[in-house]
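Summary of structural features
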Amino acid sequence: MSELESKNKEKGGQGQVLDPETFRDSISTMERSGSRKWVFPRKPKGKYTNYRSIVYIILLVLLFIIPFLKINGNPILLFNVIDRNFFIFGQPFYPQDFFILTIGAIASLVFIILFTVAYGRIFCGWICPQTIFMEFVFRKIEYAIEGDRNKQMKLDRQEWNFEKIWKKSLKWTIFLIISLVVTHFMFMYIVGYEEVFRIMQEGPFANPSNFMVMILFTAAFYFVFAWFRDQVCTLVCPYGRLQGVLIDKDTINVFYDHKRGENRSKWRKGEDRKAEGKGDCIDCNQCVVVCPTGIDIRNGLQLECVNCTACIDACDEVMEKVGLPKGLIRYASESEIENETQFKFTGKMKAYAVFLTLLVGFLGFLLYNRGEMEAKFIKPAGSTFFVKDKRINNTFNYTLLNKSNQDMVLTFKVLEPKNGEITNGNNTKIKTKKDQITKGTITISFPEEDIKLSKQNITIGVYNQDGKLIDSYETYFEGPFKMQF
């Protein structure tokens, strides 16, 4: 018998003992045979669970009220890819602003990288929608209908009798209703709540394509939370894969203090554990049974860990009962545990922070200089100049995109060269509505003697009702060919 097996037998363990590192060869939710191992976590409770519940409630409330909130008549958030309408904090963005959104996306990615390098996967446990819906919505419904861990396991093993049928049916029906409701709210972020309500009122037969899309998204949502569950974090989510690249010994994570906890041994009342060479871990396994991904945090950093803190609360509860200090499992870095040093920003973290600061500064500059109006003056295809009253005339089609949050009355003026006159521009005020495109035609003329080239650059200015120059556009003006001597 091996030494490991002997130790396990002394502890009352049964079955084959695996080498301590073999847990890295497979995921925690899969049997050695390759079949799915269903996770039945015990209902967590404690300080961190309460804190997470507050965060979850705030984020869920925001999720469900934001589609109805507007700033200056614009939705706070809208990502209508189909119609190319985008609003962020009530500010409209257009395909022309794609580079700004790209810089914003890059800045968000760098922030995630910096946050992960410094604080690991805290995002997964506290902010990720998958965790919020799974642990605070669907799991709570499951606890309410089927009971806690032991009752769920018993229900899962028993035959399909009346109790199992009605409990499972009730749970799955509620899951489906929630999936349908969430799908409708997700669509509000794409087309707006008014359009979603209109589709609902008209019914599926009037909008068959929209109806089918909603059914597909509802089915996907239901599949994820009713069956796929923790597999999303382990097998699908790319963020978990970033751990191996970004996380190092100086990163804050949920860690088990092995220096204090080992050698682990069952609790015996009145014993002097330190004198007997025993660690503070009493091998109660409570940190394992509360884990929503089924891992043993005592094995070290693992792909499946989402930093949900359930194991911290479970361990602290046990430590308090047996009279040992809390914090055997806690937020800490590997260096902090091994070297007993305090967390500090490393050179890598500082480099990411500097890069992020520069990106945010550049993004702010782009937003500040984005302008209220985007104007274009283009000569119609095939058009040329004409001469009238000793003035050379060109026709231009204008396109005005009002990016502001208010309607505006505009006038045009030729800035360069001088002596340019605009018909239907200087004397006619052009009304533009917010977030809309206005098109029209103007004629620009110059005295014959002012046009020296067959194609001459000109600059047209756009002024608002207060006489402020809000945009300018450089185009070319055609004239007769003249010999240069």
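This text goes with the structure placed above it.
About the thresholds
Residues numbered from 1 in each chain as written. Predicted model: local features only at pLDDT ≥ 70, side-chain atom pairs only at ≥ 80, totals over all residues. Heavy atoms only, no water. Phe/Tyr/Trp six-rings, centres within 6.5 Å; stacked < 30°, edge-to-face > 60°. Helix = DSSP H or I, 4+ residues; strand = E, 2+ residues; numbered from the N terminus. Buried < 20%, exposed > 50% of the residue type's maximum accessible area, 1.4 Å probe, protein only. Lys NZ or Arg CZ within 6 Å of the ring centre and 35° of its normal. Pairing = 2+ DSSP bridges. Axes fitted to C-alpha atoms, helices over the stretch in contact; angles between N-to-C directions.

A word on the packing of aromatic side chains. Using the criterion set out here, one finds 29 aromatic pairs in the structure. On the numbers, 5.4 Å between centres and 50 degrees between planes, the contact of Phe 115 with Tyr 119 is tilted. Linking Phe 115 with Tyr 119, this pair stays in helix α3 (residues 98-119), spanning four residues, or about one helical turn. By relative accessible area, Phe 115 is classed as partly exposed at 26%. A relative accessible area of 30% places Tyr 119 in the partly exposed class. With 6.3 Å between their ring centres and 50 degrees between their planes, Phe 138 and Phe 221 make a pair best called tilted. One end of the pair, Phe 138, is in helix α5 (residues 129-146); the other, Phe 221, is in helix α9 (residues 208-228), with 83 residues separating them in the sequence. In this pair, the class of Phe 138 matches that of Phe 221, namely buried. Above the ring of Trp 227, the side-chain terminus of Arg 36 is found at 5.0 Å from the ring centroid. One Lys or Arg, Lys 379, reaches over the ring of Phe 396 and ends 5.3 Å from the middle of that ring.

This brings us to the sheet that holds strand β11 (residues 408-416). Strand pairing in a sheet is mediated by backbone hydrogen bonds. Such pairs are either parallel or antiparallel. Pairing within the open sheet is antiparallel, and its four strands lie in the order β13-β11-β15-β16. Edge positions in the sheet fall to β13 (430-432) and β16 (469-478), since each of these pairs with one other strand and no more. Pairwise comparison of adjacent strand axes, ignoring direction, gives a mean angle of 35 degrees for this sheet. Sheet topology places strand β15 (residues 455-463) next to β16; nine bridges connect them, and they run antiparallel. Bridging from a neighbouring strand, Val 462 pairs with Asp 471 of β16.

With that settled, consider unusual backbone geometry. Here the amide bond leading from Glu 262 into Asn 263 is cis, since omega sits at -5 degrees, within 30 degrees of zero. Here Asn 263 is to be found in the loop between α13 (258-261) and α14 (286-289). For the bond from Glu 416 to Pro 417, the omega torsion is -15 degrees, close enough to zero to count as cis. Note on placement: Pro 417 falls in the loop between β11 and β12 (421-423). Positioned with a positive phi, Asp 283 is a non-glycine residue whose angle comes to about 55 degrees. As for its placement among the helices and strands, Asp 283 is situated in the loop between α13 and α14. Of note in this structure, Thr 309 is not a glycine but carries a positive phi near 75 degrees. Within the element layout of this structure, Thr 309 appears in the loop between α14 and α15 (310-322). According to the relative accessible area criterion, Thr 309 is buried, its value standing at 1%.

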